[in-house]
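# Architecture at a glance
These are the residues of each chain, in order.
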Amino acid sequence: MKTKPFIIIIILLSIISGLFYCHKNSTPLSDDFEQLQIDSPLSFNSVLVGLYIDDAVWNDCKTATENMLNRLDISFQKINHDSILDGCLKDYSVLFLPGGRPDLFCEELGTKGLHLIRNYIKMGGGYIGICGSGYIAAQTNIWRGWSGESRGYYNYRGGLEVFEGIADGPIEDFAPDYRDLNCQINILNIEHSINSGLPEKVSYVYDHGPEFFVEGDTSAVILGKSSNGDHNFILCTRYYQGNIFLSSGHPEFDSTRKTWQMISNAITWCSRLN
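Owing to the predicted nature of the structure, the values given are computational and were not obtained by experimental measurement.

## Points about the overall build of the chain
Counting its secondary structure elements, the chain contains 7 helices and 13 strands. Taken across its 274 residues, the chain has 50% of its residues classed as buried. Sequence separation of 24 or more characterises 74% of the internal contacts of the chain that already satisfy a separation of 6 or more. For the chain, the accessible area works out to roughly 13400 Å², and carbon and sulfur atoms hold 51% of it.

## Points about the nonpolar core
Of all hydrophobic cores here, the largest spans 37 residues; its most connected members are Y52, I84, L95, I117, I121, Y127 and L246. Among the elements of the structure, strand 3 (94-97), helix 5 (102-122), strand 5 (138-143), strand 7 (163-169), strand 12 (232-239) and strand 13 (242-247) are those that each provide at least two residues to this core. Of all the elements, helix 5 adds the most residues to this core, at 7 residues. Ranked by size, the runner-up nonpolar core spans 34 residues in total, among them I171, I185, Y204 and M262.

## As for the pairing of strand 1 (residues 49-52)
Where burial is concerned, the two faces of strand 1 agree: the one with V49 and L51 and the one with G50 and Y52 are both buried. Bridge count between strand 1 and strand 3: 3 bridges; the pairing is parallel. When the sheet's bridge partners are listed, V49 is paired in strand 3 with V94. Judged from the 4 bridges that link them, strand 1 and strand 2 (residues 76-79) form a sheet pairing that is parallel.

## Observations concerning the packing of aromatic side chains
Throughout the structure, instances matching the rule amount to 9 aromatic pairs. Ring centres of Y135 and W143 lie 5.7 Å apart, and the angle between their planes is 70 degrees; this geometry places the pair in the edge-to-face category. Grouping aromatic residues by their ring pairs yields a cluster made of W58, Y135, W143 and W146. Above the face of the Y240 ring, K122 is positioned so that its terminal group lies 4.7 Å from the ring centre.

## Brief notes about the environment of G242
Its place among the elements puts G242 in strand 13. When its relative accessible area of 0% is taken as the criterion, G242 is described as buried. For G242, the residues in contact, after removing those within four places along its chain, are I121, K122, G124, G125 and T237.

## Describing the side chain of N195
In this fold, N195 is placed in the loop between strand 8 (179-187) and strand 9 (201-207). Look at N195 and you get buried, because its relative accessible area is 0%. A polar contact is formed between the side chain of N195 and the backbone oxygen of N189, at a distance of 3.4 Å. At 3.3 Å, the side chain of N195 and the backbone oxygen of L223 are in polar contact. Discounting residues that sit within four places of it in the chain, N195 has contacts with I187, L188, N189, I190, L223, M262 and N265.

## Some points on unusual backbone geometry
In this structure, the amide linkage connecting G169 to the following residue, P170, adopts the cis form with an omega of -5 degrees. The omega torsion across A175 and P176 is 5 degrees, close enough to zero to call that bond cis. Locating P176 in the fold gives a position in the loop between strand 7 and strand 8. Although it is not a glycine, E161 adopts a positive phi angle of roughly 60 degrees. By secondary structure assignment, the location of E161 is in the loop between strand 6 (154-157) and strand 7.

## Comments concerning the sheet that holds strand 10 (residues 211-214)
Pairing is mixed in the open sheet, where 4 strands are placed in the order 6-5-7-10. Strand pairing shows two members of the sheet lacking a second neighbour, strand 6 and strand 10, which therefore form its edges. Put simply, the sheet's adjacent strands are angled 20 degrees from each other on average, direction ignored. The pairing of strand 5 with strand 7 spans 5 bridges and is parallel. Bridge assignment links A138 to a residue of strand 7, and that residue is F163.

## Digging into the side chain of H231
Here H231 is to be found in the loop between strand 11 (221-226) and strand 12. For H231, a relative accessible area of 11% puts it in the buried group.

## Observations regarding the packing of helix 3 (residues 59-71) against helix 7 (residues 258-270)
Their axes nearest at 11 Å, the elements helix 3 and helix 7 cross at an angle of 75 degrees. When the axis of helix 3 is compared with that of helix 7, the two are roughly perpendicular. In this structure, helix 3 contributes N67, M68, L69 and R71 to the contact, and helix 7 contributes W260, I263 and I267. Across the contact of helix 3 with helix 7, the residue classes break down as 5 nonpolar, 1 polar and 1 charged.

Calculation criteria
Residues numbered from 1 in each chain as written. Predicted model: local features only at pLDDT ≥ 70, side-chain atom pairs only at ≥ 80, totals over all residues. Heavy atoms only, no water. Helix = DSSP H or I, 4+ residues; strand = E, 2+ residues; numbered from the N terminus. Buried < 20%, exposed > 50% of the residue type's maximum accessible area, 1.4 Å probe, protein only. Contact = heavy atoms within 4.5 Å. Areas by Shrake-Rupley, 256 points an atom, 1.4 Å probe, with all protein chains shown as cover. Core = buried A, V, L, I, M, F, W, Y, C linked by side-chain atoms within 4.5 Å. Pairing = 2+ DSSP bridges. Phe/Tyr/Trp six-rings, centres within 6.5 Å; stacked < 30°, edge-to-face > 60°. Lys NZ or Arg CZ within 6 Å of the ring centre and 35° of its normal. Polar contact = N/O pair within 3.5 Å; in protein donor to acceptor, adjacent residues only side chain to side chain. Axes fitted to C-alpha atoms, helices over the stretch in contact; angles between N-to-C directions. Parallel < 35°, antiparallel > 145°, perpendicular 65-115°, else oblique. Nonpolar A, V, L, I, M, F, W, Y, C, P; charged D, E, K, R; others polar.

What follows is the structure, encoded as structure tokens:
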């Protein structure tokens, strides 16, 4: 009878030891992320843009964005989902995602790719999201449907969730085709460095982009609103150490090139070199 407590203690210690061993040697998905993520704050002494060019990006947006960056004499290198998974983001001061389909961005980047981008921004990398890549930056997405479809309501979490707010679109004021080749934008917060040198009104192409609703994001600054409906079209914000610029429309298609200055300023601001 005296040996029973000793035996019970031995059994309990064996169970606890076994549980510890299983936990220590298990390889959950998060461990894969830990091996890929950037672990220390990023710092840059020059501007180098990683321009995301992959299947999710609209072909016209690829060409127009490259042309804009070349004309602005901004250094960039083209990257894709494979190079992001290989850990290339640490080499760039800004990640630039042109316009495209939000669902395809999330699909081709996958959970790991989205995690790497989120961590890159968190540790000080810059992010520029145009139209579709503006959607995936938000914490919550509301999708209303493509032109030619019945207007719906689909609510889901954004892929990156680095902007604490909602990206809701396309905007009903631009129905039924959800396009405006000369969308008028009222520039706000002229004193902000991103809007430096801009007139009070600019115009660019709108095509199925979102309105941005700020919900608890104390870092968010609205930089521009549409003349049609007074919708939040342009904003900047921060996610931990990283700077973020989002645009509902497409400055790369601005024939006047006035909004190109805004993109140049945004790249400098997102690089944290201003």
